[in-house]
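# Descriptive analysis of the structure
If you want the building blocks of each chain, they are given just below.
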Amino acid sequence: MTAAAPRSLTPASPAASAASLPALEVSALSHAYGPRRVLHDVSLRVMPGEFTVLLGPNGAGKSTLFALVTRLFDARQGSIRIFGAALRQQPGVALAQLGVVFQQPTLDPDLSLRQNLAYSAALHGMSRAEGRRRAEEELARIGLLERAGEAVRRLSGGQRRRVEMARALMTRPRLLLMDEPTVGLDAASRSFLLDHVRRLCREEGLAVLWATHLIDEVDAASRLIVLHAGRVRAAGGPEQILAEGGGGTLRDAFARLTDEERASEDRTSEERAGDAREAPP
Ligand SMILES: Nc1ncnc2c1ncn2[C@@H]1O[C@H](COP(=O)(O)OP(=O)(O)OP(=O)(O)O)[C@@H](O)[C@H]1O
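In the annotation of an unreviewed UniProt entry, the entry for the chain reads ATP-binding cassette domain-containing protein, and the organism field reads Teichococcus vastitatis. For the chain, the Sequence similarities (unreviewed entry) comment in UniProt is given as "Belongs to the ABC transporter superfamily."

Structural data, given as structure tokens:
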């Protein structure tokens, strides 16, 4: 996660050729905690400029997926590529393109906004001057530059989330992961974050994977990946999710796709199929 190439893509830039590659490509990824498998053969893609909502109820496996993509855990089964770079084989190249806002807040409340960002810039190998310049740019974009010298603890929850996003964007990542970033925020703070991120997708080609359990964070331009009980239940635009989820409203379709009974029926039939494959002739 070092300072990477500028996010804006011009046709002649080397980054432009990477624009046709998926920003994130996860293939047949599985993960277990001890004997308990919590991700089952997950495959998904996020393309540059796409705002993709990873929608799943509590326990679906969203944070586990993020932990694998950020290499907190080693992905032993399946593969993960970031702009074509395989995470296991080329971790430095892959992670240099990635920014992350984790579910748990990680700002130091006693440091100022500027100090928190400077600290992160130093960890990413930026010079002091560059770190300061980038911090000011990102704080200005989220409307908090005037408060740069204040301690984080004086900010509201929504403002803290904005600072975390500014920090993640300082290295100019081309793929941004956000894990339940709106939990506990009021409606105005939520829509600020959503609008800001969607604008970065539209105007700068940023690819975003936004994990949430809230269906109302989906808009008509979003792509969706519905994850439930560690499996991708549906993926595509809202129309496709409606079709796969049996129509009605998006909320109805999501409820059906994440229905426990249906999930366990599918598990049972997959297990039966697995048994049949493994049975001797
Ligand atoms: N460190 C761990 N050890 C054992 N099991 C875990 C661990 N972390 C998560 N799990 C289990 O893995 C499953 C997926 O959890 P995960 O946190 O990835 O889901 P999630 O979709 O992010 O849910 P939430 O929104 O509640 O955080 C859950 O059943 C959870 O209990």
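## Concerning the overall build of the chain
The secondary structure content of the chain amounts to ten helices and ten strands. Nonlocal contacts in the chain, meaning residues at least 24 apart in sequence, comprise 69% of its contacts between residues at least 6 apart.

## Considering the sheet that holds strand β6 (residues 98–101)
An order of β6-β7-β8-β3-β9-β10 is seen for the six strands of this open sheet, with the pairing classed as mixed. Sheet topology places β6 and β10 (231–236) at the edges, where each strand pairs with a single neighbour. Along the sheet, successive strands turn relative to each other by an average axial angle of 15°, direction set aside. Relative to strand β8 (residues 207–212), strand β7 (residues 175–179) runs parallel, the two sharing five bridges. Residue pairing in the sheet places L176 in a bridge with V208 of β8. Packed onto the sheet, helix α6 (residues 157–169) meets β6 and β7 and runs at close to 165° relative to β6.

## Overview of the nonpolar core
In this structure, L24, V208, W210 and V226 are the most contacted members of the largest nonpolar core, which totals 68 residues. Here the element with the most residues in this core is helix α7 (residues 187–204); it accounts for six residues. Built from parts of two domains, this core gets at least three residues from each of domain 1 (14–97 + 173–278) and domain 2 (107–172). When residues no more than four places from it in sequence are discounted, the contact partners of V208 are F51, T52, L176, M178, V197 and C201.

## Some thoughts on the site of the ligand
Lining the immediate surroundings of the ligand are Y33, V38, G56, N58, G59, A60, G61, K62, S63, T64, E180 and H213. Broken down by class, the residue content of the shell around the ligand amounts to three nonpolar, seven polar and two charged.

## Comments concerning the sheet that holds strand β5 (residues 85–86)
Taken together, the four strands give an open sheet; going across it, the order is β2-β1-β4-β5, and neighbouring strands pair in antiparallel fashion. For this open sheet the edge positions go to β2 (36–46) and β5, each flanked by a neighbour on one side alone. Note: strand β1 (residues 24–33) against strand β4 (residues 77–82), five bridges, orientation antiparallel. Paired with S30 across the two strands is Q77, which belongs to β4.

## Topic: the pairing of β1
Direction of pairing for β1 relative to β2: antiparallel, over a ladder of seven bridges. Among the inter-strand pairings, L29 is bridged to a residue of β2, identified as V42. Counted between consecutive antiparallel strands, the loop separating β1 from β2 contains two residues, among which G34 sits at a positive phi close to 60°.

## Description of α7
Compared with an ideal rise of 1.5 Å per residue, which puts 18 residues at 26 Å, α7 spans 25 Å between its outermost C-alpha atoms and is within 8% of the ideal. Within the sequence span of α7, burial applies to R190, F192, L193, L194, V197, L200 and C201. Buried-residue contacts for α7 involve β3 (51–55), α6 and β8. Looking at the residues trailing α7, positive phi occurs at G205, about 75°.

The rules behind the values
- Residues numbered from 1 in each chain as written.
- Predicted model: local features only at pLDDT ≥ 70, side-chain atom pairs only at ≥ 80, totals over all residues.
- UniProt positions renumbered as here; feature names shortened; annotations may be inferred.
- Helix = DSSP H or I, 4+ residues; strand = E, 2+ residues; numbered from the N terminus.
- Contact = placed C-beta atoms within 7 Å.
- Pairing = 2+ DSSP bridges.
- Axes fitted to C-alpha atoms, helices over the stretch in contact; angles between N-to-C directions.
- Core = buried A, V, L, I, M, F, W, Y, C linked by C-beta atoms within 7 Å.
- Buried ≥ 20, exposed ≤ 12 C-beta atoms within 10 Å, placed from the backbone.
- Domains from an automatic or database assignment.
- Near = placed C-beta within 6 Å.
- Nonpolar A, V, L, I, M, F, W, Y, C, P; charged D, E, K, R; others polar.
- Expected span 1.5 Å × (residues − 1).

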